[in-house]
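Reading the structure
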Amino acid sequence: QKRTRDSPGADFVRSSPAAMASSGEDVQITCRFVTRLPEKFRIAPTPLAVPGKLTRYGLSEVVNHLLALDPPKPFDFLVDGELVRTSLQKLLLRKAISAEKTLDVEYIPAVGPPSEESVGKHEDWVSAVDGGFAGAIATGCYDGTVKLWSNAGSRLLTVAVPNATNNAVTSVALLPGDGDKIKLVAGAHDGVARSWDANVSSRKASAKPSRVFVGHTAAIAEIATAPGGAHFASASADGTARVWRREGGAEFDFAADAETGRADETSAKRRKKTASHVPGAAPVRSCLDFDDARDDGDGDGPLAPRGAELVLGDHR
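Description of the structure in this document.

The rules behind the values
Residues numbered from 1 in each chain as written. Predicted model: local features only at pLDDT ≥ 70, side-chain atom pairs only at ≥ 80, totals over all residues. Heavy atoms only, no water. Helix = DSSP H or I, 4+ residues; strand = E, 2+ residues; numbered from the N terminus. Contact = heavy atoms within 4.5 Å. Areas by Shrake-Rupley, 256 points an atom, 1.4 Å probe, with all protein chains shown as cover. Buried < 20%, exposed > 50% of the residue type's maximum accessible area, 1.4 Å probe, protein only. Core = buried A, V, L, I, M, F, W, Y, C linked by side-chain atoms within 4.5 Å. Phe/Tyr/Trp six-rings, centres within 6.5 Å; stacked < 30°, edge-to-face > 60°. Salt bridge = Lys/Arg side-chain N within 4 Å of Asp/Glu carboxyl O. Pairing = 2+ DSSP bridges. Expected span 1.5 Å × (residues − 1). Axes fitted to C-alpha atoms, helices over the stretch in contact; angles between N-to-C directions. Polar contact = N/O pair within 3.5 Å; in protein donor to acceptor, adjacent residues only side chain to side chain.

Looking now at the overall build of the protein chain. Looking only at helices and strands, one finds eight helices and 17 strands in the protein chain. Long-range contacts, defined here as pairs at least 24 residues apart, represent 51% of the contacts in the protein chain between residues at least 6 apart. Summed over its atoms, the accessible surface of the protein chain is roughly 16,800 Å², and 50% of this surface lies on carbon and sulfur atoms.

Rendered as structure tokens:
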């Protein structure tokens, strides 16, 4: 049975699948197009017969025709929660669904390939990216630098870790501050986490060295921030994860360390014994020292209090 040409979807309606199979013509599949999109993108839930050979591109043409969209919009399609990536007929055969059954086909907006807006170049592998807030994106690189970018892709700032030539940046994180102020934290191959106080706007940024966090005996692999940014955690190839106060650690003279490059030359054994192994670092207890003298909440040590190591914000 056929619909009149004046009825919705008449161009795509054919006779029953059994009749099409017996006559040697393409199999027709009865579909009901459904969606969770707003009302203006909804089709009446009337079953329509469409050629079984249609793929998502043909189905998208059907939906655009029924909605009279101008310009047309691309759609993707789901059958039983699975994206349609073959013809409808092949999909039904693979899922053992009878062609006589009315098939519910959900359509959703298709996501096109990403478009390149801007290219930001590092001189080596990009190892880390963070951009959760503050209108900025931070990247770390094996060239020993950390860069801040605007959301549009413009470079706002470049800072280098000490002895950058032999000290790859392995992880970065942005901690929130007041207004345009943020804390930029970077972990490096020398096992040291360093922070900068940064001011960020849509067109420019500035940063000054802030703190150094000493304790790991191998390269830092990852840095993550706690909700609110009062603490951050570092994970290292030395097999430990450590939680720090954002204002913990020690004051640090980045210029002095850059001149000597002693951060990379310090052995793991010496690093364990000496909290001030990095030039410019004040003589404070390191994380490893902290294992022998737990913090009782007096705020003297670089690590977070005992409870804060287990509870970060509302997360355990």
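This part covers the environment of Ser206. Within the element layout of this structure, Ser206 appears in strand 13 (residues 205-213). Accessibility expressed as a relative area gives 39% for Ser206, which makes it partly exposed. For the pair Ser206 and Leu157, spaced 49 residues apart in sequence, the C-alpha to C-alpha distance is 6.7 Å. What Ser206 contacts, discounting residues up to four positions off in sequence, is Leu157, Asp197, Ala198 and Asn199.

Here the focus is the nonpolar core. Within the largest apolar cluster, 26 residues are counted, with the highest numbers of intra-cluster contacts made by Cys31, Phe33, Val63, Phe75, Phe77, Leu103 and Tyr107. Breaking this core down by element, the ones donating at least two residues are strand 1 (28-34), strand 2 (48-51), helix 2 (56-67), strand 3 (75-79), helix 3 (88-94) and strand 5 (103-109). With four residues, helix 2 is the largest single contributor of residues to this core. Setting aside chain neighbours within four positions, we find Val63 in contact with Phe33, Ile43, Phe75, Phe77 and Tyr107.

The next point concerns the environment of Arg203. Within the element layout of this structure, Arg203 appears in the loop between strand 12 (193-200) and strand 13. Look at Arg203 and you get exposed, because its relative accessible area is 77%.

All chains considered together, the criterion is met by five aromatic pairs. With a centroid separation of 5.9 Å and an interplanar angle of 55 degrees, the aromatic rings of Trp125 and Tyr142 are classed as tilted. Here the residue Trp125 occupies a position in the loop between strand 5 and strand 6 (126-130), and Tyr142 occupies one in the loop between strand 7 (136-141) and strand 8 (145-150), the gap between them amounting to 17 residues. Between Phe213 and Trp244, the ring centres sit 5.5 Å apart and the planes meet at 70 degrees, which makes this aromatic pair edge-to-face. Taken together, the positions of Phe213 in strand 13 and Trp244 in strand 16 (residues 241-245) put the pair 31 residues apart, joining distant regions of the chain. Of the two residues, Phe213 and Trp244, neither departs from the other in class, the shared state being buried.

Moving on, we get to the pattern of salt bridges. Within this structure, the stated rule accounts for 11 salt bridges. The salt bridge involving Glu106 is made with Arg36; its shortest N-O contact spans 3.5 Å. With Glu106 in strand 5 and Arg36 in the loop between strand 1 and strand 2, the pair connects residues that are 70 residues apart, well separated along the chain. Between Asp76 and Arg85 there is a salt bridge whose closest N-O contact spans 3.0 Å. Three or more residues are tied together by salt bridges with common partners; here these are Lys183, Asp197, Arg246 and Glu247.

Here four bridges tie strand 1 to strand 2, and the two strands are oriented antiparallel to one another. Looking at strand 2, one finds that Cys31 is bridged to Leu48.

Attention shifts here to helix 2. Taking 1.5 Å per residue, 12 residues should reach 16 Å; helix 2 reaches 16 Å between its end C-alpha atoms and fits that length. The complete set of buried residues in helix 2 reads Gly58, Leu59, Ser60, Val62, Val63, Asn64 and Leu67. Looking one or two residues beyond helix 2, the residue adopting positive phi is Ala68, at roughly 55 degrees.

Take the sheet that holds strand 16 next. Reading across from one edge, 14-15-16 is the order of the three strands in this open sheet, with antiparallel pairing throughout. Strands at the two margins of the open sheet, each flanked by one partner only, are strand 14 (220-225) and strand 16. The average angle at which neighbouring strand axes cross in this sheet is 25 degrees, direction not considered. Of the pairings in the sheet, the one linking strand 15 (residues 231-236) to strand 16 comprises five bridges and is antiparallel in character. Within strand 16, the residue paired with Ser234 across the bridge is Arg242.

The next thing to look at is the sheet that holds strand 13. The sheet built from five strands is open, its strands ordered 10-11-12-13-17 with antiparallel pairing. Each having just a single partner strand, strand 10 (169-176) and strand 17 (250-251) make up the two edges of the open sheet.

With that settled, the discussion passes to the side chain of Thr170. Within the element layout of this structure, Thr170 appears in strand 10. Of the residues examined, Thr170 reaches a relative accessible area of 12% and is grouped as buried. Only 2.3 Å separates the side chain of Thr170 from the backbone oxygen of Ile220, close enough to count as a polar contact.

So, about the pairing of strand 10. Judged by how many residues are buried, strand 10 sits mostly within the fold: seven of eight residues are covered. Here strand 10 runs beside strand 11 (residues 181-188); their pairing, made up of seven bridges, is antiparallel. Within strand 11, the position partnered with Ala173 by the bridge is Val185. Where strand 10 folds back onto strand 11 in an antiparallel hairpin, the turn is made up of four residues, including Gly179, whose phi is positive at roughly 60 degrees.

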